[in-house]
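# Per-entry structural report
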Amino acid sequence: MSPLEPQARRVRRVAVVGGVRIPFARSDGPYATASNQEMLTAALDGLVERYGLTGPGAVGEFVAGAVLKHSRDFNLARETVLGSRLDPRTPAYDVQQACGTGLQAVIAAANKIALGQIESAVAGGADTASDAPLGVNDRLRRILLEARRATSLGARMKALARIRPAHLVPDIPRNAEPRTGLSMGEHAAVTARAWDIGRAAQDDLAATSHQRLAAAYDRGFFDDLVVPFRGLTRDQNLRPGSTVDTLAALKPVFGLDRPEPTMTAGNSTPLTDGAATVLLASEEWARERGLEVRAYLTAYETAAVDFVHGDVAGGEDGLLMAPAYAVPRMLERAGLGIEDFDLVEIHEAFASQVLATLAAWERRGLAPVDRARLNVAGSSLATGHPFAATGARIVATLAKLLAERGAPGRGLISICAAGGQGVTAILDRP
C-alpha cells in the first residue's frame, strides 16, 4: 500500500464558516482611487477581526484573484496578506477565471481542506473597474523593446526616432471578447433574442433583486457580512425604490442593431468596484475554535461553451450559457434535482441571462425553479458585480441564508463567466 493511499481515502467535509466583504461601489465613485490590494485587504482584515484570525498559523492559506490587474498585482493574494492583519507567514496565491474567480478560489481552497493538506483557508477576490490598468500602445511597446535590445547608442536612437504622437495613446481596456469583438452585453442580447426573453420579465427580475437586497439590509442580515469602507455601509448600486414601472422608463443600451431591444442599464449589472472573502475549514478546526459551521461545500462543477463557432444564434452556446450545462451535470453526479434545493443563487450578470439559464435548465429536463427560492437576498443586479469578488459574496450569503433557516437545507450556486465559462457549486446544511 502506498503511503499516500490512506490520506487519499479520507475526503473530509469542507465547512463554510462565514464571510466578510466591503460594500460594492459603482465604478468611478467612492472607490475610484482604491486599488485591488487595498479593497481586498479591507475585506480580509474584516474577516480576521470577525473570526479572531490573528496569531501565528491562524489559517493555512489565502487564495484570491482579480480580473482587471495591474502589473503590480502580479502577486495580489500574497501582497494582500503582507499588508493585512493575517500572519505574514500565511501562504497565498492567485487564481483567475473571469467572473467565476471568487468561486474558483473557494473550490481551490476547499480541495486542499478536503484532502487534509490544510485545516483552514480564506478565499476571495477583488476588482476595480475604476483603477483599470492602461496598456502601453503596442506599437510603442515594440519600439521600446527594440531600443532596449540595441547594442549601440546609434541603434537605440534610431529606434526611438520612430516614435510618433499616435504611439502615445494608451490601449484602453475593453469589455469585449477578443475572439468576437462583442461586449458581454451584446452577447447577452443575442442570447435574449434566441430565448425570447422579454423586457417586462427582465425588469421584474431586476426590481425584485433591489427590493430583496434592501429588505435584507433592513433586517440586519448583512451586519456580520459587510464592513464599512471609504464611507459606504451599503452597496452603492442598491435602489430600494426600484419597480417594474421605474425600470420600464429606461432606454435599451444593448442589442440596438435589432428591432425591439430589451436590455437596459437597469436590468444589467453596472461596472463595479469591491472585494469579498470567505472562511473555509475542516469541521475539527471550526469546532476547536467554537465557530459555527454555516454550511458545507459538497459539490462543484465547471463547464464551457463554444461561443465562437457553436450554436449561438439558437441560444445553446451563448457566451453566458455554460451553467446550463454545468448544473445538470453536477446534479446528475450528486443524484439531485432542482426540487431538492431550498435556495438557488444565480449570479445576475444580466436579467436576460438569468432567465435564459432558467429556461435552458428546464429544456434539459430540470424542474422549474421556484422564484420564491431564487436570490432571496438580492444579487448582482442590486449589489453590483466586481468580477472576482462575486463568487465569494454569493458563497458567504448563501451559507448564512441556509444557517438562519434553523433546519436542514441545500443551496445551489450558478455563476456565468466571460470566455463562455460557468462555475457552479452546492452548499448543504445537514
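First, a word on what this report is: a plain description of the structure on this page. (Residues numbered from 1 in each chain as written. Predicted model: local features only at pLDDT ≥ 70, side-chain atom pairs only at ≥ 80, totals over all residues. Heavy atoms only, no water.)

## Some remarks on the overall build of the protein chain
Looking only at helices and strands, the protein chain has 14 helices and 12 strands in total. Compactness check: the protein chain gives a C-alpha radius of gyration of 22 Å against a globular reference of 22 Å for 430 residues, within 12% of the reference. Judged by the C-alpha coordinates and their principal axes, the protein chain covers about 75 × 60 × 50 Å. Within the protein chain, the fraction of its 430 residues that count as buried is 56%. Taking the intrachain contacts of the protein chain between residues at least 6 apart in sequence as the baseline, contacts between residues at least 24 apart amount to 80%. (Helix = DSSP H or I, 4+ residues; strand = E, 2+ residues; numbered from the N terminus. Rg over C-alpha atoms; globule rule 2.2 N^0.38 Å. Buried < 20%, exposed > 50% of the residue type's maximum accessible area, 1.4 Å probe, protein only. Contact = heavy atoms within 4.5 Å.)

## Description of the pattern of salt bridges
Throughout the structure, instances matching the rule amount to 25 salt bridges. With its nearest N and O atoms 3.0 Å apart, the salt bridge here joins Arg12 to Glu119. Placement of the pair is Arg12 in the loop between α1 (5–9) and β1 (14–21) and Glu119 in the loop between α4 (101–114) and β5 (120–127), with a sequence separation of 107 residues. On the accessibility criterion, Arg12 (11% relative accessible area) is buried. Of the residues examined, Glu119 reaches a relative accessible area of 33% and is grouped as partly exposed. Note that Asp203 is salt-bridged to Arg199, the shortest N-O span being 2.8 Å. Of this pair, Asp203 and Arg199 both sit in helix α8 (residues 199–218), four residues apart, roughly one helical turn. Here the salt bridges share partners, and the residues they tie into one network are Asp138, Arg141 and Arg142. (Salt bridge = Lys/Arg side-chain N within 4 Å of Asp/Glu carboxyl O.)

## Brief notes about the nonpolar core
Among the nonpolar cores identified, the biggest contains 50 residues, and Leu320, Val344, Phe350, Leu358, Trp361, Leu374 and Leu412 are the most heavily contacted of them. Of all the secondary structure elements, the ones that give two or more residues to this core are α7 (184–194), α8, β9 (295–304), α11 (323–334), β10 (343–346), α12 (351–363) and β11 (409–417). Setting aside anything within four residues of it in sequence, one finds Trp361 in contact with Pro323, Ala324, Val327, Pro328, Ile338, Val344, Ile346, Leu366, Val369, Leu412 and Ser414. (Core = buried A, V, L, I, M, F, W, Y, C linked by side-chain atoms within 4.5 Å.)

## Here's the deal with the packing of aromatic side chains
Evaluation of the coordinates by the stated rule reveals four aromatic pairs. On the numbers, 4.9 Å between centres and 70° between planes, the contact of Tyr31 with Phe229 is edge-to-face. Of this pair, Tyr31 sits in the loop between β2 (25–26) and α2 (36–51) while Phe229 is found in the loop between α8 and α9 (244–248), placing the two residues 198 residues apart along the sequence. The residues Tyr31 and Phe229 share a single accessibility class, namely buried. On the basis of an interplanar angle of 90° and a centroid distance of 6.0 Å, the ring pair of Phe254 and Phe350 is categorised as edge-to-face. (Phe/Tyr/Trp six-rings, centres within 6.5 Å; stacked < 30°, edge-to-face > 60°.)

## A closer look at the side chain of His210
Along the chain, His210 turns up in helix α8. For His210, the contacting residues outside a window of four places in its chain are Asn237, Leu238, Arg239, Ser242, Leu381 and Ala382.

## Describing α8
For α8, with 20 residues, the first-to-last C-alpha span of 29 Å sits near the 28 Å given by 1.5 Å per residue. For α8, the elements touching its buried residues are β1, α9, β7 (263–264), α12 and α13 (380–383). One or two steps after α8, the chain reaches Gly220, where phi turns positive at roughly 85°. (Expected span 1.5 Å × (residues − 1).)

## Describing unusual backbone geometry
For Glu260, which is not a glycine, the phi torsion comes out positive at approximately 55°. Within the secondary structure, Glu260 sits in the loop between β6 (252–254) and β7. You will see that Asn375, though not glycine, has its phi angle at about 45°, which is positive. Locating Asn375 in the fold gives a position in the loop between α12 and α13.

## Some points on the state of the cysteines
Enumeration over the complete set of coordinates arrives at zero disulfides. Free of any disulfide, Cys99 has its nearest neighbouring cysteine sulfur in Cys416, separated by 6.3 Å. (Disulfide = S-S within 2.5 Å.)

## Here we look at the pairing of β1
The buried fraction of β1 amounts to eight of the eight residues, a majority that puts the element mostly inside the structure. Taken together, the three bridges between β1 and β9 define a ladder with antiparallel strand orientation. Looking at the pairing, Ala15 lines up with Tyr296 of β9. In terms of strand pairing, β1 meets strand β8 (residues 272–282) through seven bridges, oriented antiparallel. For Val20, the partnering residue across the bridge sits in β8 and is Thr277. (Pairing = 2+ DSSP bridges.)

## What about the packing of α8 against α12?
Packed helices, taken two at a time, are described by the angle between their axes plus the distance between the axes. Look at α8 against α12: their axes get within 9 Å of each other, and the N-to-C directions meet at 105°. With respect to α12, the element α8 is oriented roughly perpendicular. Packed against α8, whose contacting residues are Ala201, Gln202 and Leu205, the element α12 presents Ala351, Ser352, Val354 and Leu355 at the interface. (Axes fitted to C-alpha atoms, helices over the stretch in contact; angles between N-to-C directions. Parallel < 35°, antiparallel > 145°, perpendicular 65-115°, else oblique.)

## Observations concerning the pairing of β5
With respect to burial, β5 is a largely interior element, eight of its eight residues being buried. Here eight bridges tie β5 to β8, and the two strands are oriented antiparallel to one another. In the strand pairing of β8, Ser120 is matched with Ala281.

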